[in-house]
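Observations on chain architecture
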Amino acid sequence: MVVCVCNAIKEKDLRAAVRSGSEKPSDVYAQLGRKPKCGQCLSFARTIIENEVATA
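The following refers to the structure shown.

Calculation rules
- Residues numbered from 1 in each chain as written.
- Predicted model: local features only at pLDDT ≥ 70, side-chain atom pairs only at ≥ 80, totals over all residues.
- Heavy atoms only, no water.
- Salt bridge = Lys/Arg side-chain N within 4 Å of Asp/Glu carboxyl O.
- Helix = DSSP H or I, 4+ residues; strand = E, 2+ residues; numbered from the N terminus.
- Buried < 20%, exposed > 50% of the residue type's maximum accessible area, 1.4 Å probe, protein only.
- Expected span 1.5 Å × (residues − 1).
- Arc of directions from axis to C-beta.
- Contact = heavy atoms within 4.5 Å.

**Re the pattern of salt bridges**
A full pass over the atoms with the stated rule returns 3 salt bridges. A salt bridge links Glu11 to Arg15, with the shortest nitrogen-to-oxygen separation between them at 2.8 Å. Linking Glu11 with Arg15, this pair stays in helix 1 (residues 11-19), spanning 4 residues, or about one helical turn. A relative accessible area of 23% places Arg15 in the partly exposed class.

Here's what the structure looks like:
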């Protein structure tokens, strides 16, 4: 599933970034070499990050 359309960030890539130490959307963008654009994905990205951190 695509989490961020503007940057083509897929859920699997976001989860992998969190497992590698990213705990905020800005960290995920930086780790993936992208920059935030419109911001529509942030609430969804935060939910995925929180779930991934909780199960780690």
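**Observations regarding helix 3 (residues 42-54)**
Helix length check: helix 3 (13 residues) gives 18 Å between terminal C-alpha atoms against 18 Å at 1.5 Å per residue, within 8%. Every buried residue of helix 3 is accounted for by Ala45, Ile48, Ile49 and Glu52. Down the axis of helix 3, the buried side of the element spans an arc of 100°, and every buried residue falls inside it. Among the exposed residues of helix 3, those pointing more than 90 degrees away from its buried face are Ser43, Glu50 and Ala54. Contact partners of the buried residues in helix 3: strand 1 (2-4), helix 1 and helix 2 (25-31).

**Focus: the environment of Met1**
Checked against the element boundaries, Met1 lands in the segment before strand 1. C-alpha of Met1 to C-alpha of Asp13: the two residues are 12 residues apart in sequence and 10.0 Å apart in space. Beyond its immediate stretch of four places on either side in the chain, Met1 contacts Ile9, Lys10, Glu11 and Phe44.

**Points about helix 1**
Along helix 1, the residues classified as buried are Glu11, Leu14, Ala17 and Val18. Take helix 1 and look down its axis: the buried residues cluster within an arc of 125°, on one side only. Residues Lys12 and Arg19 are exposed on helix 1 and point more than 90 degrees away from its buried face. On the buried face of helix 1, the contacting elements are strand 1, strand 2 (9-10), helix 2 and helix 3. Just downstream of helix 1 lies Gly21, where phi reads positive at about 120°.

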